[in-house]
Structure formats: structure tokens, C-alpha cells
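Structural characterization, general
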Amino acid sequence: MIPLLALALLAAEPAPGLGDAVQALQAGRMEQARLILDAAVKAGVEGQEIDRLLAEHAFRTGNWTVALKRYERLVAMSPNESLTLERAGIAAFHVGNLQRSTAALTAATTIP
């Protein structure tokens, strides 16, 4: 179910200019996604959508420390979003923070 939610979040109508980044992430073209996201940040794009895409890029490229920081910021803004908690938990596991990982994954699995 969570992979379906991930696809739904990525498939949601992106802000102008971010649709290409979403497509690149979905297709596994990480370098292209990074270039698009970097350009968007330089252009001043802000908000949860780009924050989520940057977190997803870090997650998918195995940059666990950055992914954890970004997902923790997103969790602070939306504490009942199970996919964000799941991603934070997995990233925390990869950086060796088992306490944070357990807390995030437990929270992710107890949200109705």
C-alpha cells in the first residue's frame, strides 16, 4: 500500500516546472532529476513539493543523511503522513540511528 501512496504523491499535479523532475525520478533518471531540482532551487522555487522531491531524490540516490534531514523537516510539517515517516525511518536506519528509525516506522505503521 505504501508504494502505491508513493506513486500517488509523485503523480500528483506538480508545480510549474517540477513535472520534469517528477518524471525523471519515476523513470530512475537521477542525474536529470538532480539538474532539474537544482535549477528550480536556484530559480527560487520553495515549498513542500520541492522539499519532498529533494528528499525523494536523496532517498533514491542513497544519500541517507540528507534524506533523513529533509524527511524530518517534512514530518514536522505533516506528522501524520505515513510515507514521509516511513522514508524518515528507513533513512534513519541507514545512518545508524535505530532509535529514530524505530520511532518513525512505528508511527508510520500506526497511522490509520
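Everything here concerns the structure above.
Here is a short report on the structure shown in this document.

1. Description of the packing of helix α4 (residues 48-60) against helix α5 (residues 64-77)
A packed helix pair is summarised by two numbers, namely the angle formed by the two axes and the spacing between the axes. Their axes nearest at 8 Å, the elements α4 and α5 cross at an angle of 150°. The angle between α4 and α5 falls in the class roughly antiparallel. Handedness of the crossing formed by α4 with α5: left-handed. Residues Q48, D51, R52, L54, A55, E56, A58 and F59 of α4 touch α5, and the partners they reach there are W64, V66, A67, R70, Y71, L74 and M77. Classifying every residue of the contact of α4 with α5 gives 10 nonpolar, one polar and four charged.

2. Side note on helix α2 (residues 19-27)
The set of residues buried in α2 consists of A21, V22, A24 and L25. Summarising the axial view, the buried residues of α2 lie within an arc of 165°, below the 170-degree limit, and thus occupy one face. Among the residues trailing α2, G28 stands out with phi positive, at a value near 80°.

3. Observations regarding the nonpolar core
With 14 residues, the main nonpolar core has A67, L68, Y71 and A88 as its most contacted residues. For this core, the secondary-structure elements that each account for two or more residues are α4, α5, α6 (82-94) and α7 (98-110). Here this core gets five residues from one element, more than from any other, and that element is α5. Ignoring sequence-local partners within four residues, the contact set of A67 consists of A55, A58, F59 and A91. A21, A24, L25 and M30 belong to the second-largest nonpolar core, a separate cluster that totals 13 residues.

Rules used throughout
- Residues numbered from 1 in each chain as written.
- Predicted model: local features only at pLDDT ≥ 70, side-chain atom pairs only at ≥ 80, totals over all residues.
- Heavy atoms only, no water.
- Axes fitted to C-alpha atoms, helices over the stretch in contact; angles between N-to-C directions.
- Helix = DSSP H or I, 4+ residues; strand = E, 2+ residues; numbered from the N terminus.
- Parallel < 35°, antiparallel > 145°, perpendicular 65-115°, else oblique.
- Left-handed = near helix turned anticlockwise from the far one by under 90°.
- Contact = heavy atoms within 4.5 Å.
- Nonpolar A, V, L, I, M, F, W, Y, C, P; charged D, E, K, R; others polar.
- Buried < 20%, exposed > 50% of the residue type's maximum accessible area, 1.4 Å probe, protein only.
- Arc of directions from axis to C-beta.
- Core = buried A, V, L, I, M, F, W, Y, C linked by side-chain atoms within 4.5 Å.

Fair warning: the whole summary comes from geometry, so function is off the table for now.
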